[in-house]
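For reference, the chains in residue letters:
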Amino acid sequence: MTGLTEATGEVTGRAGPEAARHHGIPYLPVLVLLGALVLVAATAGIAAGSIRIPADQVWGILLHRLHPALAEPTWSPVRETIVIDVRLPRVLLCGVVGAGLAVCGMALQALVRNPLADPMLLGVSSGATVGAVLVVVFNLTLFGMFSLPLAAFCGALAALVAVYFLARSGGRMTTVRLVLAGVAMAEVLSAVASFLVVTSDDPHKTQAALRWMLGGLAGTTWTVVWIPAAAVLLGTAVLLGVCRPLNLLLAGEEAAAALGLDVHRFRAALFTLVALMIGTIVAVSGSIGFVGLIMPHVVRLLVGADHRRALPAAALLGAAFLITADLAARTLITPEEIPVGILTALVGGPFFLWLMRRKAAR
Amino acid sequence: MIPDTTPGALRAEAVSVVAGGRTLVDGVSLDVAPAEVVGLVGPNGAGKSTLLRTFYRALRPTSGRVLLDGEDVWRMPGKRLARRLAAVLQETAGEFELTVHDVVAMGRTPHKRAFQGDDATDRDIITAALGELDVAGLARAPFDRLSGGEKQRVLIARALAQRTGTLVLDEPTNHLDLRHQIDALRLVRRLGVTAVIALHDLNLAAAFCDRICVLHGGRVVATGPPGRVLTPRLLAEVYQVDAEVAEHPRTGAPQITVLTGGPSARPVALDTARPPAGPEGREPTA
């Protein structure tokens, strides 16, 4: 009997510190805090620039636009134009792209059951890049404003489907094979995109495509915001509806099947959804790496791995992160602008390495 | 703990599984009556896990059918089956830090629609399942950092949280200490559900199962009550061991003692309840 008591004591003792680490922070305050972070980042993003606009004026302009009675106009029309037509769309797009990348990263990590999965790692971003580069280099405008996102979506989906079937040869798909196929596909497609850009005769186009391949949000106008915003909003809503199946995938394919999930069909459907989101995102922002890799990890440390808690938090954190990163990209070496993809890689790479070392040490 | 659903009748009809040119399961037929507990035994590679995987829709049989209450499990939506049949799998390592509570809560998934949160009933069921398996104290701990035995108990708790009338268990007593082995199997009996349990420990199988099905090389070599099936002859044939079978004086269950070969052979008791007497006999450790 003493043996049993001892065993129970040991068990409870071990649970103690873990409990504090995992659920010490209540969920709702974290979500509110992340929401506040997005608002602060957005305010700073709109305020900063060649003409500084104080935060209260930023909100005055925004509220006045929302409803004239909400704020008395005390600012010049030029400032209003800067806020509404130049900076707001860019900040909104940053938020949309950041949220979308974070959410897609989290979904992909569950879908392939690998914490190293990322839109870039699985070749999705590269596929989208090739699709978009084709449109830019060959001037394809068959579908008007939808040409670029449509081509990027097709590229992303084609890359994912190719990776999926390469990894599935022999009837079953293993995670290792999937990730290896993804990495190889990403390399090949990046090379194809680079080749297309380099061999394009028009130096102007080359310049544009190259800058865009590095990932950047310069020159954002309202017209480019709507498509990715709609895709990310809808996509995230769908993902929130499939949180439970996503959780099941974390337990493994076999367990997910035993708990009633049609794993292959679910995975195929979600791959299409993720490709759609990534395609529209890459079409407007280029390849911005590491957001989809890092944000899910940070969020899991904060609120745990349950997607019902982690997905909304990832969307908010991703939005706040990319708005801040873009702010830095715009202001660090003014009047020049750094492509934001370079910044996220510079910040994200070391952070990820630190995360891995920390995980290994524990 | 009373399950929502009534115990199902599980039936395998000439189930065969061929993978990579090898026949893993070869025309296995098995009938499990409602509320009956059947032990699946056999040496490594006999096809126990493979057969069970065809029951919980992880592996489609190459030929043959698996029926639950007369309905082909491979022709109904997975979710519907998961509301009536739960599986306890051998644990797999995960890369994500799910808590024990997260893992057990997954058991509620088949009962939920999209966007539907956990209600008070779900929370009660999860709490009860954690308590039944003696892992309530670990609820907030990361699943990946538990010991093998603790993980196994959590996975049983998850199946329990599914509240099904039928259970399929693949070596649920693996990694468990003596007390928890007995507790787990007692729990299955107490639930009054239909259960198919793959077990390595023949004495446990004999003590807890109504019937035993012996698999060897993917085929059924014997099915029946433990006392009738577990004979020295069958054990010699299937496991290639020299064993004695005696009726346990107190439980009445067949008790198997494997004799290690050689002239100076000393009996090795597999029976966990009563260590062999004598100067060399093992002392109880607990």
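## Quick word on the overall build of chain A
A count of helices and strands for chain A gives 15 helices and 0 strands. Counting across all 362 residues of chain A, residues that qualify as buried make up 49%. Taking as baseline every contact in chain A between residues at least 6 positions apart, the subset at least 24 positions apart corresponds to 76%.

## Describing the overall build of chain B
Check the secondary structure of chain B and you find 9 helices and 13 strands. By the burial criterion, 47% of the 286 residues in chain B qualify as buried. Restricting to contacts in chain B with at least 6 residues of sequence separation, those with at least 24 account for 65%.

## Description of the nonpolar core
All names here are of chain A. Among the nonpolar cores identified, the biggest contains 205 residues, and Ala107, Ala156 and Ala314 are the most heavily contacted of them. With 18 residues, the single largest contributor to this core is helix 4 (residues 77–111). Contacts of Ala107, omitting those with residues within four sequence positions, involve Leu239, Leu246, Leu270 and Val274.

## Regarding helix 3 (residues 55–66) of chain A
Residues and elements named next belong to chain A. In this model, helix 3 (12 residues) spans 17 Å end to end at C-alpha, consistent with the 16 Å of a helix rising 1.5 Å per residue. Buried within helix 3 we find Val58, Gly60 and Ile61. Angular distribution of buried residues about the axis of helix 3 spans 165 degrees; they occupy a single face of the element. Among the exposed residues of helix 3, those oriented more than 90 degrees off its buried face are Ala55, Asp56 and Leu66. In this structure, the buried residues of helix 3 make contact with helix 2 (27–47) and helix 4.

## Regarding helix 4 (residues 120–132) of chain B
All names here are of chain B. A rise of 1.5 Å per residue sets the reference length of helix 4, with its 13 residues, at 18 Å; its end C-alpha atoms lie 18 Å apart and thus fit the reference within 8%. Every buried residue of helix 4 is accounted for by Ile125, Ile126, Ala129, Leu130 and Glu132. Looking straight down helix 4, one finds its buried side chains confined to an arc of 165 degrees; they lie on one side. Facing away from the buried side of helix 4 by more than 90 degrees, the exposed set consists of Ala120 and Asp124. Where helix 4 is buried, its residues meet helix 3 (100–105), helix 5 (148–161) and helix 6 (178–191). Taken from the residues just after helix 4, Asp134 is the one with a positive phi, measuring 65 degrees.

## Remarks on the sheet that holds strand 1 (residues 10–19) of chain B
All names here are of chain B. With antiparallel pairing, 4 strands are arranged side by side in an open sheet as 2-1-4-5. Sheet topology places strand 2 (22–32) and strand 5 (71–72) at the edges, where each strand pairs with a single neighbour. The pairing of strand 1 with strand 2 spans 7 bridges and is classified as antiparallel. Following the sheet pairing, Val18 is matched in strand 2 by Thr23. Contacting strand 1, strand 2 and strand 4 (63–68), helix 1 (residues 48–55) crosses the sheet at an angle of about 120 degrees to strand 1.

## Things to note about the confidence of the model for chain A
When pLDDT is averaged across chain A, the result is 84; 89% of the residues are at 70 or more. Predicted confidence is poor over residues 1–23 of chain A, with pLDDT under 50, and the contacts of this stretch with residues over four places away or in other chains come to 20 contacts.

## Things to note about the sheet that holds strand 6 (residues 85–88) of chain B
Residues and elements named next belong to chain B. Pairing is mixed across the open sheet formed by 6 strands, whose spatial order is 6-7-8-3-9-10. Of all strands in the sheet, those with a lone pairing partner are strand 6 and strand 10 (219–224), marking the two edges. Neighbour to neighbour, the strand axes of the sheet diverge by 15 degrees on average, direction disregarded. Two elements, strand 6 and strand 7 (residues 166–170), share 4 bridges in a ladder whose sense is parallel. Bridge pairing in strand 7 places Ala87 opposite Val168.

## As for unusual backbone geometry
Positive phi values are uncommon outside glycine, yet Asn139(A) reaches one of about 55 degrees. Following the sequence through the fold, Asn139(A) ends up in the loop between helix 5 (124–137) and helix 6 (147–168). Look at Asn139(A) and you get exposed, because 10 C-beta atoms sit within 10 Å. Its identity is not glycine, yet Asp69(B) carries a phi of approximately 50 degrees, on the positive side. Relative to the elements of secondary structure, Asp69(B) occurs in the loop between strand 4 and strand 5. By the C-beta count within 10 Å, which is 16 here, Asp69(B) ends up partly exposed.

How each quantity is defined
- Residues numbered from 1 in each chain as written.
- Chains lettered and ligands numbered in written order.
- Predicted model: local features only at pLDDT ≥ 70, side-chain atom pairs only at ≥ 80, totals over all residues.
- Helix = DSSP H or I, 4+ residues; strand = E, 2+ residues; numbered from the N terminus.
- Buried ≥ 20, exposed ≤ 12 C-beta atoms within 10 Å, placed from the backbone.
- Contact = placed C-beta atoms within 7 Å.
- Core = buried A, V, L, I, M, F, W, Y, C linked by C-beta atoms within 7 Å.
- Expected span 1.5 Å × (residues − 1).
- Arc of directions from axis to C-beta.
- Pairing = 2+ DSSP bridges.
- Axes fitted to C-alpha atoms, helices over the stretch in contact; angles between N-to-C directions.
- pLDDT = per-residue confidence, 0-100.

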